[in-house]
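Here is how the chains run, residue by residue.
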Amino acid sequence: MAKLTRLRGFQDQLGAEAEMLSLVEARAKEVARRYGLGEIRIPLMERIQLYERSTGETSDVVAKQMYIVKHAQESSAADTMVLRPEGTPGVVRAYIEAGLDRSDPEQRFFYCGPMLRYERPQKGRFRQFHQFGVEVFGRADPACDAELLVMIDDLRRELDLELDFEVNSLGCGECRLAFREALLAFGRAHLESLCADCHARLERNPLRIVDCKTDAALAEQAPKSIDYLCPDCRRHFDAVLDLLRYSGVAVTVNPRIVRGLDYYVRTTFEVSSRTLGAQNAIAAGGRYDGLVESLGGVPVPGIGFAIGLERLTMAMSPQDRHARAVAAAAGGHAKPPTARSDSRQAPFIDAAVLALGEEALPKAAALAREIRHSGLAVEFVSPARGLKAQLRRADRAGARFAVIIGEDELSRGVATLRDMTSGAQRDVQLEQAAQAVSAAAAES
RNA sequence: GUGAGUGUAGCUCAGUUGGCAGAGCACCGGGUUGUGGCCUCGGUGGUCGAGGGUUCAAGUCCCUUCACUCACCCCA
């Protein structure tokens, strides 16, 4: 039989890797809670039209990266379903569907979960990846824009990371029109020197010319959106920058932050790491004031961002990752029982219960359960092998204590309680064995 | 979609001008009839990514293909 492998661009996360992601996710949720955000859970699939009308049909994400889902028996062309490539459109849809735009427009959400995009995988880029995202509705004021950046900075501090913050303003619909014209004029004027990609961009998405890396010098000369801001947009952007300066978040204004999604207006931003390679964007977002309306709701401004969780964990140093993973895996344990189990990928346990012989088996199984009821993590070791192998398993599982019940113990009505770190062991009465284990665990 | 690099044991990798597929780690067992880690002795484990070609003989040379990795593009 041919071996079945995981799909290209998809990954399994085992042990420490999974622990790391859970840990980062927990930190992000904690920070979100402090910023008054409530959780929202939305479907993994939506109608394709949702993304066509929000993210934009010309964006790469919609044009060539979506997974279309087909039911085995039924399919309806009118309702083409796709796996979500990003979170924002779904959240906006849910917001409108719940009638919040009319009844209670100011809402603050966070979400967390997998996103799927069909792309060629590389370092930091996967077909399924996880995002932690934030969406705020009903706030048009610059303080809200600044606050989201500050929030990301808080998370950055919690995780002790060095990250670069870059912001830009695309302007509102009005100033974008003028900016777009200027870009097209620039493109036509330099038609010969533009790279092949930029020729295509000129047609599809002129904004992206600014972002060209093939000819950085030329891109440098291209018109910048911040030079085309109307007075209102200018004031808004300046206010955001002032607030950030006052908050002590070091940001750089980068006119090349144009974003690939159609719905962005005014403030856009990217947060990146210097240690990640080519795919260094860890978080990105921006304002989308017209989006709720264009998806059928009443006009409500909105702004949000998403963090790539895999990239965030990758940005942590290896030593840091290891230390954190071990700490997370160890649970409440100060240190693992042996040096060897230091490299363990799974959680450490408090006790391993070993049974020797048929007679001891039910007693041992019952004892394991009783110890668990006191809140400790217990593994009932397979009794199919000898004591030596069972003890080795106990060590491998990272157990602090081994509780042994064999012929000898049974005849005396006791269990042997062995401290796996010191090797010291003593008899405890079978009836009090569970209390003895939890008492021993409590003092070590 | 484009380009480059890499595919040998579960993992990390040796493998000479083509000549019997190896090491370390991991795993299992003995040394200890009921005592883990350290030590020691032994053992299990391979379609050499796949298919074809050249040759008396291919892990090694040639062609094709697949996968992985990195980069372009794009993005979290």
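Worth saying up front: this structure is predicted, and the values here are computed from it rather than measured.

(A) Up close: the sheet that holds strand S3 (residues 68–69). Here three strands make up an open sheet; going across it, the order is S2-S4-S3 and the pairing antiparallel. Only two strands of the sheet have a single partner each, and these edge strands are strand S2 (45–47) and S3. Summarising the sheet, S3 and strand S4 (residues 81–83) pair through two bridges and their orientation is antiparallel. Paired with isoleucine 68 across the strands is valine 82, a residue of S4. Against the sheet, helix H2 (residues 48–56) touches S2 and S4, its axis set at about 75° to S2.

(B) Inspection of the domain arrangement of chain A at higher detail. Along its sequence, chain A is carved into domain 1 (15–171 + 230–328), domain 2 (173–228) and domain 3 (351–443). Taken over C-alpha atoms, the centre of domain 1 sits 25 Å from the centre of domain 2. Each partner contributes residues to the interface: domain 1 has 20 residues there, and domain 2 has twelve residues. At the boundary of domain 1 with domain 2, the tally comes to zero salt bridges. Connecting domain 1 to domain 2 are three residue pairs in polar contact (both at pLDDT 80 or more).

(C) Summary view of the nonpolar core. The biggest cluster of nonpolar side chains holds 47 residues, and the ones touching the most others in it are Phe132, Val134, Met151 and Ile307. Looking at this core element by element, the count peaks at eight residues for helix H6 (residues 142–158). With 44 residues, the next largest nonpolar core counts Leu50, Met66, Leu202 and Leu295 among its residues.

(D) Inspection of the packing of aromatic side chains at higher detail. Applying the stated rule across the entire model yields ten aromatic pairs. Aromatic pair phenylalanine 110 and phenylalanine 132: ring centres 5.5 Å apart, planes at 20°, arrangement stacked. Pair noted here: phenylalanine 110 is in strand S5 (residues 107–116) and phenylalanine 132 is in strand S6 (residues 128–137), with a separation of 22 residues, a long-range link. The burial state of phenylalanine 110 is the same as that of phenylalanine 132; both residues are buried. Aromatic rings pair up to connect Tyr95, Phe109, Phe137, Tyr263, Tyr264 and Tyr288 into one cluster. Over the ring of tyrosine 118 we find arginine 127; its NZ or CZ atom is 4.0 Å from the centre of that ring.

(E) Examining a positive patch on the surface more closely. On the surface, Arg385, Lys388, Arg392 and Arg396 cluster together into a patch of positive charge. Here arginine 392 is to be found in helix H15 (residues 387–396).

(F) Just the environment of alanine 434, in detail. By the secondary structure assignment, alanine 434 is in helix H17 (residues 433–443). Overall, the relative accessible area of 5% leaves alanine 434 in the buried class. As for alanine 434 and arginine 372, which are separated by 62 residues in sequence, their C-alpha atoms are 8.7 Å apart. Once you skip the residues sitting within four places of it in the chain, alanine 434 turns out to touch Leu367, Glu370 and Ile371.

(G) Spatial organisation of the sheet that holds strand S16 (residues 425–429). If you walk across this open sheet you meet the five strands as S13-S12-S14-S15-S16, and the pairing is mixed. Looking at which strands have only one partner, the edges of the open sheet turn out to be strand S13 (378–380) and S16. Put simply, the sheet's adjacent strands are angled 25° from each other on average, direction ignored. Bridge count between strand S14 (residues 401–405) and strand S15 (residues 414–419): four bridges; the pairing is antiparallel.

(H) A look at the pattern of salt bridges. Under the counting rule described, the total for this entry stands at 25 salt bridges. A salt bridge links lysine 64 to aspartate 60, with the shortest nitrogen-to-oxygen separation between them at 3.4 Å. One end of the pair, lysine 64, and the other, aspartate 60, are both in helix H3 (residues 60–64), four residues apart, so they sit about a helical turn from each other. With its nearest N and O atoms 2.6 Å apart, the salt bridge here joins arginine 412 to aspartate 427. Taken as a pair, arginine 412 in helix H16 (residues 407–412) and aspartate 427 in strand S16 lie far apart in primary sequence, 15 residues in all. Exposure remark for arginine 412: the relative accessible area of 43% places this residue in the partly exposed category.

Here is what the cut-offs are and how they apply
- Residues numbered from 1 in each chain as written.
- Chains lettered and ligands numbered in written order.
- Predicted model: local features only at pLDDT ≥ 70, side-chain atom pairs only at ≥ 80, totals over all residues.
- Heavy atoms only, no water.
- Pairing = 2+ DSSP bridges.
- Helix = DSSP H or I, 4+ residues; strand = E, 2+ residues; numbered from the N terminus.
- Contact = heavy atoms within 4.5 Å.
- Axes fitted to C-alpha atoms, helices over the stretch in contact; angles between N-to-C directions.
- Domains from an automatic or database assignment.
- Salt bridge = Lys/Arg side-chain N within 4 Å of Asp/Glu carboxyl O.
- Polar contact = N/O pair within 3.5 Å; in protein donor to acceptor, adjacent residues only side chain to side chain.
- Core = buried A, V, L, I, M, F, W, Y, C linked by side-chain atoms within 4.5 Å.
- Buried < 20%, exposed > 50% of the residue type's maximum accessible area, 1.4 Å probe, protein only.
- Phe/Tyr/Trp six-rings, centres within 6.5 Å; stacked < 30°, edge-to-face > 60°.
- Lys NZ or Arg CZ within 6 Å of the ring centre and 35° of its normal.
- Patch = residues over 30% accessible without salt bridge, like charges linked within 9 Å, V, L, I, M, F, W, Y side chains within 5 Å.
- Areas by Shrake-Rupley, 256 points an atom, 1.4 Å probe, with all protein chains shown as cover.
- Lys, Arg positive; Asp, Glu negative; His and termini not counted.
- Charge placed at Lys NZ, Arg CZ, Asp CG, Glu CD.

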